[in-house]
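Below, each chain spelled out in residue letters.
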Amino acid sequence: MPKPLSAADKLVIHYSRLDRSYQGWNLWVWNESEKKPGFELQPAGEGPYGAFFELDLDASGLSGKRTGFLPRKGNWADKDAPDRILDAARQGEIYLLEGDQKVYSAPPAISTAVTGAWLDSAGVVRAAFTRPLDKGFLSSQDFRLTRGSETFRPASVEPAGGGYSRAALLTFPGLAADYADINSGKYSLTAPGLGSAALRLGDLVYGPEFYSALPMGLSGDPKSPVLRLFAPYAAKAEALVYGPDATAPAVYAMEPVGNGVWEKDFGFPLEGKSYRVRTVQNGKVYEGLDPYAACVTGDAGRALVFTDSTPVAAGPSFDRSEAVVYEVHLRDLTMDPRSGVKNKGKYLGAAESGTRNTDFPDITTGLDHIKELGVNAVHILPIEDFENGDSTSSYNWGYMPVNYNSPEGSYATDPSDGSRVREVKAMVDAFHRKGLKVIMDVVYNHTAETRASVYNFNAAAMDYYYRVKPDGTYYNGSGCGNEIRTEAPMARKFIVDSLLHWVRDYKVDGFRFDLMGLMDTGTADAVMAALKKEKPDIIVYGEPWKAGDSPVNGVGKGSQRSKGYAVFNDGFRDAVKGSVFSLKDLGYVEAARNREAVMRGIRGAVDDFTDGPLETMNYVSCHDNHTLWDRIDLSVPDEPYAVKVAMDKLANALVLTSQGIPFLHAGEEFLRTKGGEDNSYNLPDAVNKLDWDRKKKNFAVFSYYRDLIAMRKAHPAFRMKTETEVRENLKFYEQLGLKIESPAIAYQLYGGKVGDPWGRIVVLVNPEKKPRSFALPGGKWLRAFGPEGLAKDPGAPVSGNVMVEPLSLAVLRQK
């Protein structure tokens, strides 16, 4: 007689079937960890849950192993797929349900009931159940859709996706559902023994019946404005209007006007007042801000109604190929106590001119520093209202957006009034007058909103604007809690409308999109079409990646081909300085590695993922991860200071002489440090501020960067526009038949063919710690650029060969 199993070496597997019939059923078990052949396990008995099996963990060798289970009938006469996998088999009990892949550690509900019903398209209802069901079971049920005394029976019932499913699709031919009655809870799906569920609007809201081209938000004649709200699930919608000193609102009913839109035509001016919106959705009351609010008093405050006429000068006009982008956070730019800026950390502080380091008056700071450096486009980290309670004491990068059409309040002198609008316009105006384009960093991939913390979108249309998993939770490809369903028609319309709002009202010159991998390519195309029509010279670029799993076919490297926008070239970044994810992974400037990848970057990624050089953003550091200086300092700690400086200079010399759009992280021109911090999104100003004393200390590095930028701006050969120009006019020594030894890189530019006053140019890159001799193409050459920057005196012409200093880039020219 076999020895009874003790609790210490036994795993009990419970198995429940819909028909409660277990005759002939057994359990196939296998070692998934080691892919060993399986074996049959017969039932040990039946209990309240169903059949149960006892697995001897020691005898089977499965203790602690990843183990697979598959219920089957006889010798594979039938099986209950899919496979169930237990990560580590331990003593105890687990529970399996027919048709359900999940392995439960506690008994799940085995009663079968309807948990929800949604109208997904005309005549098609999707029903959800407590457990997976198959077609046989579903077909035997008497499903009915009722409204009052009316009863509708389905023509067919199918498990969603086939096999076993927790959802079923029921078709009701000829059903002409009344959407208002659905939102009022007047329809129910029932089946005897399965209970009932109120019918709600499902995927139907993403179809043409729930799209409107009407202006949303507050629009029209200020003397008689109209408020429109997209609220497709609402049974009721109201506008709550506050007078200047009112604590209680006047409540105005909004009327449905079709396509899920609710409207209130006030018939009188609202100037000087503020408002919120309130809806009733699926029996619950929600209150929040109008998603289109152009000026709010706080994250969860009110929308102000006022007319602003602050002038904004037109931005400079130049081709995208000429852009040199400088990324900066508003607080970082001015918070240093020695910045000489009066309005530190404010929009008006960024707009101040004539500021100097208070200890070193010869050192410009803030806006004047940017102008002196020579860049011509300033990328400002998010200034759309983000979640922080408008706190002026806490630091945040701003990547948790709340109110997209309103400026952030913490950077305004007074967040409670219209100052945020006036002062952003004043800042943009000041930048434009300095010849600088303004590029907004925008985050249309997620929000700070949750179902429990409702700000605006969910107050209007619960979950419509977010991607929702079949289990009801939000997808989180952003890593921040949710992701915007950009492909939803009214979400796509909102994104386009919001961007046009910033272009038209603030005259911004471009946008950088955070996590563009979460924006579907159709929306990206719609965005570009609208922006190009409004402003043909708009500059648009983004991150071609996600921060987590998502179902969307979003923008990735290659999606931008011939679309008019660019994406960040992280491959070039990591090739130059090493992977941002490992300090031990050294790059070209630290260890003379990754030569081929660097060469692909030099050619504007036309051999990689672009249709032309203006589709790649070339960079080696940004607000994320370590600053360039910290990265080099930490990755090669034993190198002398002067060697590290040379590595830093070489990194951005590669960026600023390569084909593509160069992108600089503020402060790297004077060796910015964050004390080794690699994620400073909420760290204090002491970590994040630009230290203007470092500009004084490292002025030679600053001058080098300034010279690089000046050379690039003066010479079209470094900023060709098309793939054809690059292929015809940039030739590596290997292509020219000239001698070159790895890891050095050398190439010739035919400047004269692209309108450059320098007819021919050679660029020589020495990543080693010793001087290197380079062969020169035929003819005599003049030195143009070297380790100290632009050559003030080119000296005597050279020919044959030339020496290039360690860890440096040299440029020579012919007229």
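Residues numbered from 1 in each chain as written. Predicted model: local features only at pLDDT ≥ 70, side-chain atom pairs only at ≥ 80, totals over all residues. Heavy atoms only, no water.

1. Digging into the packing of aromatic side chains
The tally for this structure, following the rule as stated, stands at 36 aromatic pairs. Between Phe266 and Phe268, the aromatic rings sit 5.8 Å apart at their centres with planes inclined by 70°, giving edge-to-face as the arrangement. Given the relative accessible area of 26%, Phe268 is considered partly exposed. Measuring from ring centre to ring centre gives 5.6 Å for Tyr347 and Tyr411, while their planes differ by 85°; the resulting arrangement is edge-to-face. One end of the pair, Tyr347, is in helix α5 (residues 347-351); the other, Tyr411, is in the loop between β30 (401-407) and α7 (419-433), and 64 residues separate them in sequence. In textbook terms, an aromatic cluster arises when at least three aromatic residues are bridged by ring pairs, as seen for Tyr206, Phe230, Tyr292, Tyr404, Tyr444, Phe457, Tyr464, Tyr465, Phe494, Phe511 and Phe513. In this structure, Arg17 is placed above the aromatic ring of Trp25, and the distance from its NZ or CZ to the ring centre is 4.0 Å. The ring of Tyr474 carries the charged tip of Arg451 above its face, separated from the ring centre by 4.5 Å. (Phe/Tyr/Trp six-rings, centres within 6.5 Å; stacked < 30°, edge-to-face > 60°. Buried < 20%, exposed > 50% of the residue type's maximum accessible area, 1.4 Å probe, protein only. Helix = DSSP H or I, 4+ residues; strand = E, 2+ residues; numbered from the N terminus. Lys NZ or Arg CZ within 6 Å of the ring centre and 35° of its normal.)

2. Description of the side chain of Arg276
Here Arg276 shows up in strand β24 (residues 274-281). Separated by 3.0 Å, the side chain of Arg276 and the backbone oxygen of Ala300 make a polar contact. In terms of polar contacts, Arg276 uses its side chain to reach the backbone carbonyl oxygen of Gly301, at 2.6 Å. (Polar contact = N/O pair within 3.5 Å; in protein donor to acceptor, adjacent residues only side chain to side chain.)

3. Quick look at the confidence of the model for the protein
Per-residue confidence for the protein gives a mean pLDDT of 96; residues scoring 70 or more make up 99%. A low-confidence stretch, residues 1-6 (pLDDT under 50), is modelled with four contacts involving residues beyond four sequence positions or located in other chains. (pLDDT = per-residue confidence, 0-100. Contact = heavy atoms within 4.5 Å.)

4. What to know about the sheet that holds strand β32 (residues 510-513)
An order of β27-β28-β31-β32-β33-β34-β35-β36 is seen for the eight strands of this closed barrel, with the pairing classed as parallel. Geometrically, the sheet is characterised by an average inter-axis angle of 30° between neighbouring strands, direction not taken into account. (Pairing = 2+ DSSP bridges. Axes fitted to C-alpha atoms, helices over the stretch in contact; angles between N-to-C directions.)

5. As for helix α11 (residues 570-577)
A large share of α11 lies buried, amounting to seven of its eight residues. Looking at the buried positions of α11, the neighbouring elements they touch are β34 (566-568), α12 (588-591), α13 (595-602), β35 (616-618), α14 (628-635) and α15 (641-657). Here α11 starts with a cap whose side-chain oxygen sits 3.3 Å from the backbone nitrogen of Gly571, and that cap is Asn569. Once α11 ends, the next one or two residues include Gly578, with phi positive near 100°.

6. A word on the pairing of strand β39 (residues 760-766)
Of all the seven residues making up β39, six are buried; the element is thus mostly covered by neighbouring parts of the structure. In this structure, strand β38 (residues 745-749) lies alongside β39, joined through five bridges in antiparallel fashion. In the sheet register, Ala746 faces β39, and the bridge partner there is Leu764.

7. Let's talk about the pattern of salt bridges
Tallied over the entire structure, the rule returns 59 salt bridges. One salt bridge in this structure joins Glu372 and Lys695, with 2.8 Å as the shortest N-O distance. Taken together, the positions of Glu372 in helix α6 (residues 366-373) and Lys695 in helix α17 (residues 692-697) put the pair 323 residues apart, joining distant regions of the chain. We classify Lys695 as buried; its relative accessible area is 0%. Across the pair Asp390 and Arg420 runs a salt bridge, and its minimum N-O distance is 3.0 Å. Of this pair, Asp390 sits in the loop between β29 (384-386) and β30 while Arg420 sits in helix α7, and the two are 30 residues apart along the sequence. Of the two residues, Asp390 and Arg420, neither departs from the other in class, the shared state being buried. When salt bridges with common partners are traced through the structure, they connect Arg147, Glu150, Asp181 and Lys186 into a single cluster. (Salt bridge = Lys/Arg side-chain N within 4 Å of Asp/Glu carboxyl O.)

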